Amino acid sequence: MKNVIVTGGSRGIGKCLVENLAKEGYNVILNYNKSEKSARKIQNELKENGVFIEIFKADVSKKAEVKKLVEFALKKWESIDVLINNAGIAKLQMLQDITEEDWNEIIDTNLKSTFYMSQEVVPSMLHKKSGCIINISSIWGMVGASCEAVYSISKAGMDALTKSLAKELGPSNIRVNSIAPGVIDTDMNSNIDEKIKQEIKNETPLGKIGRPIDIYKCVKWLIEDEFTTGQVISVNGGYVIN
Ligand code: NAP
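Parameters at a glance
Residues numbered from 1 in each chain as written. Predicted model: local features only at pLDDT ≥ 70, side-chain atom pairs only at ≥ 80, totals over all residues. Heavy atoms only, no water. Helix = DSSP H or I, 4+ residues; strand = E, 2+ residues; numbered from the N terminus. Rg over C-alpha atoms; globule rule 2.2 N^0.38 Å. Contact = heavy atoms within 4.5 Å. Expected span 1.5 Å × (residues − 1). Buried < 20%, exposed > 50% of the residue type's maximum accessible area, 1.4 Å probe, protein only. Arc of directions from axis to C-beta. Axes fitted to C-alpha atoms, helices over the stretch in contact; angles between N-to-C directions. Parallel < 35°, antiparallel > 145°, perpendicular 65-115°, else oblique. Left-handed = near helix turned anticlockwise from the far one by under 90°. Nonpolar A, V, L, I, M, F, W, Y, C, P; charged D, E, K, R; others polar. Near = heavy atom within 4 Å. Polar contact = N/O pair within 3.5 Å; in protein donor to acceptor, adjacent residues only side chain to side chain. Areas by Shrake-Rupley, 256 points an atom, 1.4 Å probe, with all protein chains shown as cover. Pairing = 2+ DSSP bridges. Core = buried A, V, L, I, M, F, W, Y, C linked by side-chain atoms within 4.5 Å. Salt bridge = Lys/Arg side-chain N within 4 Å of Asp/Glu carboxyl O.

Undergrad: Sorry if this is basic, but what is going on with the overall build of the chain here?
TA: Assigned secondary structure in the chain consists of eight helices and seven strands. Against the globule reference of 18 Å for 242 residues, the chain gives a C-alpha radius of gyration of 17 Å, in line with a compact fold. Viewed in the frame of its principal axes, the chain has a C-alpha envelope of about 50 × 40 × 35 Å. Long-range contacts, defined here as pairs at least 24 residues apart, represent 73% of the contacts in the chain between residues at least 6 apart.

Set out below in structure tokens:
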């Protein structure tokens, strides 16, 4: 069965990806940074059902920690088949309030992590002449979000990296795609009040907010697919249609 690393697997979309991929029989490493308790709980609950995963703490915004995470994976497994760059943060801020620290934190966590993880994992994929990288970007990288300039830039950067690596790595049978979710019900959106959520639903052709499982279904399809690369697939209920 394939070996999968999910960054930011301790909560939200990443947690759902870890749980479902592990139940499907994939070998999974759940990467977390701050939420150790949650990572252990996921591991223990899966274990109670006879499903085993590895967990590994690493701040993926830091190259040295990314290296340790990938070294850990390659000690466990001979190869890494699937990399899911999911770890991410968002901040709502007006342009004039954004500090250099804010810029660095968001770009490092969302974009540089994706770049570093790819750099570390790709040699193993090249060796095997096979691999799948999935970058969880966002609709806001496609259309821009008001008061989330840096977040939007980071996600657009992930999509550019996806397209660039798809061209570079396609001849080696490594597929690289982005999934650009719309609004998904996770901690990241816990600050959105019910009135705004209803407005978003009203503006969404499918009339609902997304769930992490909606992203998992697309991930599973991309892992199994053999002829899709360099694409930004937006799972958003029709909220953004290009
Ligand atoms: P979430 O519930 O806030 O969870 C974020 C996850 O990222 C947590 O597991 C967190 O781990 C991890 N993380 C953050 N910084 C990290 C770091 N430096 N190193 C390692 N892990 C780190 O967010 P979510 O909604 O599931 O979002 C997952 C991804 O989907 C993000 O990239 C986000 O931008 C994208 N997305 C979300 C939505 C949405 O509406 N929810 C829409 C579009 C795109 P710890 O808690 O352990 O630190």
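Undergrad: Mind showing me how you'd approach helix α8 (residues 212-224) here?
TA: Residues spaced three or four apart along an α-helix point in a common direction, a consequence of the helix completing one turn every 3.6 residues. The terminal C-alpha atoms of α8 lie 19 Å apart, and with 13 residues this matches the ideal 18 Å at 1.5 Å per residue to within 8%. Listing the buried residues of α8 in full gives Pro-212, Ile-215, Tyr-216, Cys-218, Val-219, Leu-222 and Ile-223. With its buried residues spanning 165° around the axis, α8 presents them on a single face. Elements that come into contact with the buried residues of α8 comprise α1 (12-24), β4 (82-85), β5 (131-136), β6 (174-181) and β7 (232-235).

Undergrad: Would you mind going over the packing of helix α3 (residues 63-76) against helix α4 (residues 100-128) with me for this structure?
TA: The relative placement of two packed helices comes down to the angle between their axes together with the axis-to-axis distance. Running from amino to carboxyl end, α3 crosses α4 at an angle of 30°, the nearest separation of the two axes being 9 Å. When the axes of α3 and α4 are compared, the pair comes out roughly parallel. The two elements α3 and α4 cross, and the hand of that crossing is right-handed. Seen from α3, the contacting residues are Lys-63, Val-66, Lys-67, Leu-69, Val-70 and Leu-74; seen from α4, they are Tyr-116, Met-117, Gln-119, Glu-120, Val-121 and Ser-124. Considering only residue class, the contact of α3 with α4 consists of seven nonpolar, two polar and three charged.

Undergrad: Looking at this structure, I do not really get the site of the ligand. What am I missing?
TA: The environment of the ligand is made up of 31 residues, and the closest members are Ser-35, Asn-86, Tyr-151, Thr-186 and Asn-189. Between the ligand and the protein, one listed contact pairs an oxygen atom with a side-chain N or O atom of Arg-11 at 3.0 Å. At 2.8 Å from a nitrogen atom of the ligand is found a side-chain nitrogen or oxygen belonging to Asp-59. Burial of the ligand by the protein chains amounts to 95% of its free accessible area of 890 Å². When contributions to the shell around the ligand are tallied by element, the ones reaching two or more residues are α1, β2 (27-32) and α6 (149-169). Looking at side-chain class alone, the shell around the ligand contains 12 nonpolar, 14 polar and five charged residues.

Undergrad: For this particular structure, what's the right way to read unusual backbone geometry?
TA: Generally, phi is negative for residues other than glycine and the peptide bonds are trans, each holding for most cases. Of note, the phi angle at Cys-147 is positive, near 65°, even though the residue is not glycine. In this structure, Cys-147 sits in the loop between α5 (139-143) and α6. Here the phi dihedral of Asn-173 falls at roughly 65°; this positive angle occurs in a residue that is not glycine. Relative to the helices and strands, Asn-173 resides in the loop between α6 and β6. For Asn-173, a relative accessible area of 45% translates into the label partly exposed.

Undergrad: Looking at this model, I keep getting lost on the sheet that holds strand β1 (residues 3-6). Mind explaining?
TA: Two pairing modes exist for strands in a sheet, parallel and antiparallel, and in both the strands are linked by backbone hydrogen bonds. One open sheet holds the seven strands; their spatial order is β3-β2-β1-β4-β5-β6-β7, and the pairing between them is parallel. Either end of the sheet is taken by a strand with one partner, and the two such strands are β3 (54-57) and β7. Here the strands of the sheet are splayed against their neighbours by 20° on average, with no regard to which way each runs. The strands touched by α6 are β4, β5, β6 and β7; relative to β6, the strand with the most contacts, the crossing angle is about 160°.

Undergrad: Any chance you could explain the nonpolar core here in plain terms?
TA: What tends to happen in soluble globular proteins is that the nonpolar side chains get buried as a cluster. Residues Leu-21, Ile-53, Ile-84, Ile-134 and Val-219 are the most contacted members of the largest nonpolar core, which totals 32 residues. Within the residue set of this core, elements represented by two or more residues are β1, α1, β2, α2 (36-48), β4, β5 and α8. Val-70, Trp-77, Leu-161 and Leu-169 belong to the second-largest nonpolar core, a separate cluster that totals 26 residues.

Undergrad: Hey, could you run me through the pattern of salt bridges in this one?
TA: Any two side chains of opposite charge can pair, so long as their charged atoms come close to each other. Going through the model one piece at a time under the given rule, you end up with 17 salt bridges. Asp-214 serves as the salt-bridge partner of Arg-211, at 2.7 Å between the closest nitrogen and oxygen. Close ionic contact of Lys-220 with Glu-224 constitutes a salt bridge, the shortest N to O distance being 3.7 Å. Taken together, the residues Lys-220 and Glu-224, both in helix α8 and four residues apart, mark about one turn of the helix.

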